[in-house]
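Structural description and commentary
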Amino acid sequence: RIAYLDGRYLPIEEARIPIFDRGYNLGDGIYEVTAFVGRRMVDFDAHLSRLRSSLEHINIKVDLDFADWQAIHHRLIDANTIETGTVYIQVTRGVMERDFVPTKDLSPTILGIVQPKPLDSDPRLDSGISAALVEDLRWKRRDIKSTSLLAQVLAKSRAHAVGAGEAILHEGGIVTEGGSTTVFGVDRDGVVWTHPLGPTILPGITRKRVIALAEELGLPVTEEPITVSALRQMSEVFLTGATFFVIPVVEIDTQPVADRKPGAVTLRLQKAYRDYAR
Ligand code: PDD
């Protein structure tokens, strides 16, 4: 497999990061994950805008324009013989002796990796997954796609330990999002609910696409917070994300969602998204 590191394309075993990289020492960096299906990227422009907005938020300047970023993504996909998977891009502030306050002369470390993933052919798209409710212990700027992921590592590990495929995070009685997904619910009237944008959640690219597809299908959508008790009453629950596509949640904390079968609205949106991505 070939990685991109600071302007070079190398076998992954040869791509090395110095021990004083601020991403490694301090989690001082951001990342982006873009899916590709049959070597074609899904919503690349939107992922790139979010990457650039994450960089701006934490004041890292990268000397690459849209075409440069696009070329890196394309070359990574071309250099690896993976048909379907994700491009992972990570930008950290750079390398210096460990200190919280960065010096001004740093040049960012830019890493790109391609990972194979089942995505549109994942059998869990049909079966659905179970999810576990876990308290959201993250910081207050979740709209920045930070590489500081300790809270998600712990939340998703806890979910995994009880046999769940994803953690559904909540705080103050409100569902924020999944460990690495956006949470949607479908209520008894068929209205599709998801948390509004803002600093408490990541602005999911799949979320945005699924809302647009729902509107095209004439499904009512409301961007309002879902309480934990409302989530338990939903007729359908599903998650979206670059690595999960549109995945039904059939069980929450061992309690079935409706009749423990993927719901009709979820499956319509899943199909619409799969067709869009293919
Ligand atoms: N995660 N919420 C969080 C906290 C996420 O980390 C992600 C994505 C999403 C979904 O966003 P999108 O639809 O743009 O993929 C929501 C990536 C895939 C990851 O960390 O691997």
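Attention here is on the structure that accompanies the text. Along each chain, the written sequence defines residue order, and numbers are assigned to residues from 1. Only residues with pLDDT of at least 70 get local features here, since the model is predicted, and only at 80 or more are side-chain atom pairs given and counted; chain-wide, interface and lining totals rely on the full set of residues.

1. Things to note about the site of the ligand
Using a C-beta atom placed from the backbone, a residue is scored as near a molecule or strand whenever that atom is within 6 Å of it. If you check the shell around the ligand, you find 14 residues, and the closest are Gly 204, Ile 205, Thr 206, Gly 241 and Ala 242. Comment: elements are numbered from the N terminus, with helices defined as DSSP H or I runs of at least four residues and strands as E runs of at least two. Contributing elements (two or more residues each) for the shell around the ligand: helix 6 (205-216) and strand 14 (236-241). Top element by residues in the shell around the ligand is helix 6. It accounts for three residues.

2. Section: the sheet that holds strand 4 (residues 40-41)
Any two strands with at least two DSSP bridges between them are considered paired. Taken in spatial order, the six strands of this open sheet run 2-1-6-5-3-4, and their pairing is antiparallel. Single-partner strands in this sheet number two, and they are strand 2 (8-11) and strand 4. Sheet topology note: the strand 5 (residues 85-92)/strand 6 (residues 109-116) ladder contains eight bridges and is antiparallel. Paired with Tyr 88 across the strands is Ile 113, a residue of strand 6. Along the sheet face, helix 2 (residues 44-57) touches strand 3 (29-37), strand 4 and strand 5 and points at about 175° away from the line of strand 3. Working definition of a contact: two residues with C-beta atoms, positioned from the backbone, lying within 7 Å. Axis definition: a line fitted to C-alpha atoms, limited for helices to the stretch in contact. Angles are taken between N-to-C directions and run from 0 to 180 degrees.

3. Section: unusual backbone geometry
One non-glycine residue, Leu 119, lies in positive phi territory at about 45°. Position of Leu 119 among the secondary structure elements: in the loop between strand 6 and helix 4 (124-127). The backbone of Thr 254 sits at a positive phi, close to 70°, despite the residue not being glycine. Following the sequence through the fold, Thr 254 ends up in the loop between strand 15 (245-252) and strand 16 (255-256). With C-beta atoms placed from the backbone, a residue is labelled by how many other C-beta atoms lie within 10 Å of its own: buried for 20 or more, exposed for 12 or fewer, partly exposed between the two. When the 10 C-beta atoms within 10 Å are taken as the criterion, Thr 254 is described as exposed.

4. Describing helix 8 (residues 264-277)
Taking 1.5 Å of rise per residue, the 14 residues of helix 8 would be expected to cover 20 Å, and the 20 Å separating its terminal C-alpha atoms lies within 8% of that figure. Those residues of helix 8 not exposed but buried are Thr 266, Leu 269, Gln 270, Tyr 273 and Ala 277. Down the axis of helix 8, the buried set is contained in an arc of 105°. They therefore lie on one face. Looking at helix 8, the residues exposed on the side facing more than 90 degrees away from the buried face are Ala 264 and Asp 275. On its buried side, helix 8 packs onto strand 3, helix 4, strand 10 (182-186), helix 6, strand 14 and strand 15. What a helix is expected to span follows from its residue count: subtract one and scale by 1.5 Å. The directions considered for the arc are those from the helix axis to the C-beta atoms.

5. Some thoughts on the pairing of strand 10
Taken across its five residues, strand 10 has five buried, putting it largely inside the fold. Burial of strand 10 is two-sided: the residues Thr 182, Phe 184 and Val 186 facing one way and the residues Val 183 and Gly 185 facing the other way are all buried. Bridge count for strand 10 against strand 14 is five bridges, and the pairing is antiparallel. Note that in strand 14 the partner of Val 186 across the bridge is Glu 236. Judged from the three bridges that link them, strand 10 and strand 11 (residues 192-194) form a sheet pairing that is antiparallel. Bridge pairing in strand 11 places Val 186 opposite Val 192. Between the end of strand 10 and the start of strand 11, which pair antiparallel, lie five residues, with Gly 190 showing a positive phi angle near 85°.

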